[in-house]
Amino acid sequence: MNVEVSQPRTDAEVLAKFTQAKSRPACSDTLGLEVLSIDQAAGRVRIKMVGQAAWCNPRGALQGGFVTAMLDEAMAIAGIVAGQMAFAVPTLELKTTFLRPCPAGPVEAEGRLVKWGNKAAFLEADLFDSDGKLVARATSTVLPTPLPARHPRADG
């Protein structure tokens, strides 16, 4: 399920990597993303975001593209964690099922690894409104892509 690395990180260490990152994608900032918890053994992550009123459709619910983006973030983080932060996980296919309207405001999502394979990984996520009601579910197929090795810069 997980990719082997020389020294496995604890859940707390992986969470710290996300929360203390010096830079992150602008889309994560736009969504107000905060990683709440990581459970590597279960292949699960929990994140919090804030849906803006400006993203609502005329009926007052978050537009589906923003809901999908939130679910995609949760799945991507679950995939990155499953690959022990050594892989990017570009999306090959994504499906979102909308179960009820989602009002603007704080939301939480749970991303999960379903299966990690040599050529593809399968992820899923649920999005919950501020009352804890399930509003949408997504599944995705991603292409695990090794990140280039990073070498510490030698000073001298």
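Quick caveat, the model's predicted, so the values are computed rather than measured.

**Q** I keep staring at the packing of aromatic side chains and nothing clicks. Help me out?
**A** Think of a pair of aromatic rings as described by two things: how far the centres are apart, and how the planes are tilted against each other in angle. Under the criterion given, the structure shown has 2 aromatic pairs. Ring plane angle 0° and centroid distance 4.5 Å describe the contact between Trp 55 and Phe 66, whose orientation is recorded as stacked. Residue Trp 55 is located in the loop between β2 (44-51) and α3 (64-82), and its partner Phe 66 is located in helix α3; the two are separated by 11 residues in the primary sequence. For the pair Phe 87 and Trp 116, a centre-to-centre distance of 5.4 Å together with 80° between the ring planes defines the contact as edge-to-face.

**Q** Just checking my understanding: could you explain unusual backbone geometry for this structure?
**A** Located in the positive-phi region is Gln 84, a residue other than glycine, with phi close to 50°. Topologically, Gln 84 is positioned in the loop between α3 and β3 (87-88). Given a relative accessible area of 16%, Gln 84 falls into the buried group.

**Q** Just to check I follow, could you spell out the pattern of salt bridges for this structure?
**A** Within the structure shown, the criterion is met by 7 salt bridges. Measuring nitrogen to oxygen at the nearest pair gives 2.6 Å for the salt bridge that ties Arg 24 to Asp 29. Taking relative accessible area as the criterion, Asp 29 reaches 46% and is therefore assigned partly exposed. One connected set of salt bridges, linked through shared partners, spans Arg 44, Glu 110, Arg 112, Glu 124, Asp 126 and Arg 137.

**Q** I would appreciate a short explanation of the nonpolar core in the present structure.
**A** The nonpolar side chains of a soluble globular protein tend to be buried, and buried together. Residues Ile 47, Met 49, Met 70, Ile 77 and Leu 127 are the most contacted members of the largest nonpolar core, which totals 35 residues. Within the residue set of this core, elements represented by two or more residues are α1 (11-19), β1 (34-39), β2, α3, β5 (105-116), β6 (121-128) and β7 (134-142). Take this core: its biggest share by element is 9 residues, from α3. In this view, Ile 77 contacts Phe 18, Leu 33, Val 35, Val 45 and Ile 47; residues no more than four positions away in its chain are not counted.

**Q** For this particular structure, what's the right way to read the pairing of β5?
**A** Every other side chain in a regular strand lies on the same face of the sheet, so the side chains alternate between the two faces. Looking at chain direction, β2 and β5 are connected through 8 bridges and run antiparallel. Its bridge partner lying in β5, Arg 44 is registered against Arg 112. Both β5 and β6 contribute to a ladder of 8 bridges, which runs antiparallel. Along β6, the bridge assignment pairs Trp 116 with Ala 121.

**Q** Got a minute to help me understand α3 in this structure?
**A** Residues that lie three or four places apart on an α-helix share one face, since the helix turns once every 3.6 residues. Between its first and last C-alpha atoms α3 spans 27 Å; for 19 residues at 1.5 Å apiece the expected length is 27 Å, and the two agree. Every buried residue of α3 is accounted for by Val 67, Thr 68, Met 70, Leu 71, Glu 73, Ala 74, Met 75, Ile 77, Ala 78, Gly 79, Val 81 and Ala 82. Put simply, Gln 63 is the residue that caps the front of α3, since its side-chain oxygen is 2.6 Å from the backbone nitrogen of Gly 65. Phi turns positive, to about 50°, at Gln 84, one or two residues after α3.

Here is what the cut-offs are and how they apply
Residues numbered from 1 in each chain as written. Predicted model: local features only at pLDDT ≥ 70, side-chain atom pairs only at ≥ 80, totals over all residues. Heavy atoms only, no water. Phe/Tyr/Trp six-rings, centres within 6.5 Å; stacked < 30°, edge-to-face > 60°. Helix = DSSP H or I, 4+ residues; strand = E, 2+ residues; numbered from the N terminus. Buried < 20%, exposed > 50% of the residue type's maximum accessible area, 1.4 Å probe, protein only. Salt bridge = Lys/Arg side-chain N within 4 Å of Asp/Glu carboxyl O. Core = buried A, V, L, I, M, F, W, Y, C linked by side-chain atoms within 4.5 Å. Contact = heavy atoms within 4.5 Å. Pairing = 2+ DSSP bridges. Expected span 1.5 Å × (residues − 1). Polar contact = N/O pair within 3.5 Å; in protein donor to acceptor, adjacent residues only side chain to side chain.

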